[in-house]
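# Chains, contacts and geometry: an overview
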Amino acid sequence: MGKEFDSDRPIASLISPDRSSEELQLNKTIKLAIMASGNGSNFEAVAKAIETGKLNAEIKVLIYNNPDAKVRSRAEKWQVPAVLINHKEFKKRQDFDRAIVETLKEYQIDWVVMAGWMRVVTEVLLQAFPNRVINIHPSLLPSFRGLRAVEKALEAKVKITGCTVHIVSLEVDSGPILIQAAVPILIDDTPETLHARVQIEEHRILPQAIALAALSQEKQVSK
Ligand code: GRF
């Protein structure tokens, strides 16, 4: 079998440019809740963007559903209150979401960011925060929705994948797209090496997408 075609890939040209901080400047400090189930590197990326003045926001609370999630210790490091709401304690998804909404209201949250939140959300959360729930997904949606998105891209042998930040709607990994970033797939990529490069882009675009969403809301309010 012949060697697979391996050209020099124009990686730089695949990376969508950063939006300038002036372009993304918010008038008001927005109150964020982050919902996460696992590692929390995106939580950390948002916290760093806030610390460095790139995102005018405050993370008021982390909601996590898995007692062993590493994100909990990241929240501790950033002195963000962490609230465990374990889905296993609820029979219905709606009841689980009702408990989440209660916490979000308690912290007077403006925007909800699902960063590695591994549960399907219901109308209970979306009606309480209409068009104010954001999700990050490790593929160029609408390709490869659902679980194992990075593996699915490798299995499909596509040459470019990436990540998407979008407003959450009832259908999983759908809803209006805020920002996407492309990542080339290299010949010897494994799910781990590819996901690592996708995450570099996730960390770059998530804070920008949050600002973009909040900005469009600011503009609508001032109309
Ligand atoms: C990210 O790849 C995100 O796109 C997906 O789950 C992963 C979470 O990563 N929804 P981390 O926990 O933020 O490191």
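Residues numbered from 1 in each chain as written. Predicted model: local features only at pLDDT ≥ 70, side-chain atom pairs only at ≥ 80, totals over all residues. Heavy atoms only, no water.

### Regarding the overall build of the protein
If you tally the helices and strands in the protein, you get seven helices and seven strands. In terms of overall dimensions, the protein has C-alpha extents of about 60 × 45 × 35 Å along its principal axes. Scored against the burial criterion, the 223 residues of the protein give a buried share of 46%. In the protein, 65% of the contacts between residues at least 6 apart in sequence involve partners at least 24 apart. In the protein, the 29 positive side-chain charges and the 28 negative ones have mean positions that sit 3 Å from each other. (Helix = DSSP H or I, 4+ residues; strand = E, 2+ residues; numbered from the N terminus. Buried < 20%, exposed > 50% of the residue type's maximum accessible area, 1.4 Å probe, protein only. Contact = heavy atoms within 4.5 Å. Lys, Arg positive; Asp, Glu negative; His and termini not counted. Charge placed at Lys NZ, Arg CZ, Asp CG, Glu CD.)

### Things to note about the site of the ligand
Lining the immediate surroundings of the ligand are N39, G40, S41, N42, G116, I136, H137, P138, H195, Q199 and E202. The contact in question runs from an oxygen atom of the ligand to an N or O atom on the backbone of G40, over 2.7 Å. Q199 places a side-chain nitrogen or oxygen 3.0 Å from an oxygen atom of the ligand. Here the ligand, which alone exposes 370 Å², has 88% of that area covered by the protein. Those elements that place two or more of their residues in the shell around the ligand are α2 (41-51), β5 (133-137) and α7 (191-222). (Near = heavy atom within 4 Å. Polar contact = N/O pair within 3.5 Å; in protein donor to acceptor, adjacent residues only side chain to side chain. Areas by Shrake-Rupley, 256 points an atom, 1.4 Å probe, with all protein chains shown as cover.)

### Description of the sheet that holds β5
With respect to topology, seven strands assemble into an open sheet ordered β3-β2-β1-β4-β5-β6-β7, the strand pairing being mixed. Both outer strands of the open sheet, β3 (82-84) and β7 (177-184), are each paired with one neighbouring strand and no more. Mean inter-strand twist for the sheet, computed between neighbouring axes without regard to direction, equals 20°. In the sheet, strand β2 (residues 57-64) pairs with β3 via three bridges, with the strands oriented parallel. Counted as the bridge partner of I63 is V83 from β3. Taken strand by strand, helix α4 (residues 93-106) contacts β1 (30-36), β2, β3 and β4 (111-114), and its axis lies near 155° from that of β2. With respect to the sheet, α7 is in contact with β1, β4, β5, β6 (160-167) and β7, its orientation differing from that of β7 by roughly 160°. (Pairing = 2+ DSSP bridges. Axes fitted to C-alpha atoms, helices over the stretch in contact; angles between N-to-C directions.)

### Description of the pattern of salt bridges
Pairing is possible between side chains of opposite charge, provided their charged atoms come close. Within this structure, the stated rule accounts for 10 salt bridges. Notably, a salt bridge pairs K60 with E58, separated by 3.5 Å at the nearest N-O pair. For E58, a relative accessible area of 39% puts it in the partly exposed group. The shortest N-O distance in the salt bridge between R148 and E155 comes to 2.7 Å. According to the relative accessible area criterion, R148 is partly exposed, its value standing at 45%. Judged by relative accessible area, which is 53%, E155 ranks as exposed. (Salt bridge = Lys/Arg side-chain N within 4 Å of Asp/Glu carboxyl O.)

### Focus: unusual backbone geometry
Generally, phi is negative for residues other than glycine and the peptide bonds are trans, each holding for most cases. Cis geometry marks the peptide bond from L141 to P142, where omega comes out at 10°. Among the structural elements, P142 can be located in the loop between β5 and α6 (149-156). The backbone of N131 shows a phi angle near 55°, a positive value even though the residue is not glycine. Here N131 is to be found in the loop between α5 (123-128) and β5. Of note in this structure, F144 is not a glycine but carries a positive phi near 55°. With respect to the helices, strands and loops of the structure, F144 is situated in the loop between β5 and α6.

### Looking at the nonpolar core
L32, L55, L62, I134, L206 and I210 are the most contacted members of the largest nonpolar core, which has 47 residues in total. Those residues within four positions of L32 in sequence are excluded, and the remaining contacts are V46, I50, L55, A57, E58, I59, K60, V61, I109, W111, V113 and I210. With 21 residues, the next largest nonpolar core counts I63, I85, L104 and V133 among its residues. (Core = buried A, V, L, I, M, F, W, Y, C linked by side-chain atoms within 4.5 Å.)

### A word on the pairing of β6
Taking burial as the measure, the eight residues of β6 include seven buried ones, the bulk of the element. Looking at chain direction, β5 and β6 are connected through four bridges and run antiparallel. Note on β6: the bridge partner recorded for I136 is V165. Inspection of the sheet shows β6 paired to β7 by seven bridges, in the antiparallel sense. Considered in β7, the bridge of I160 is made with P184.

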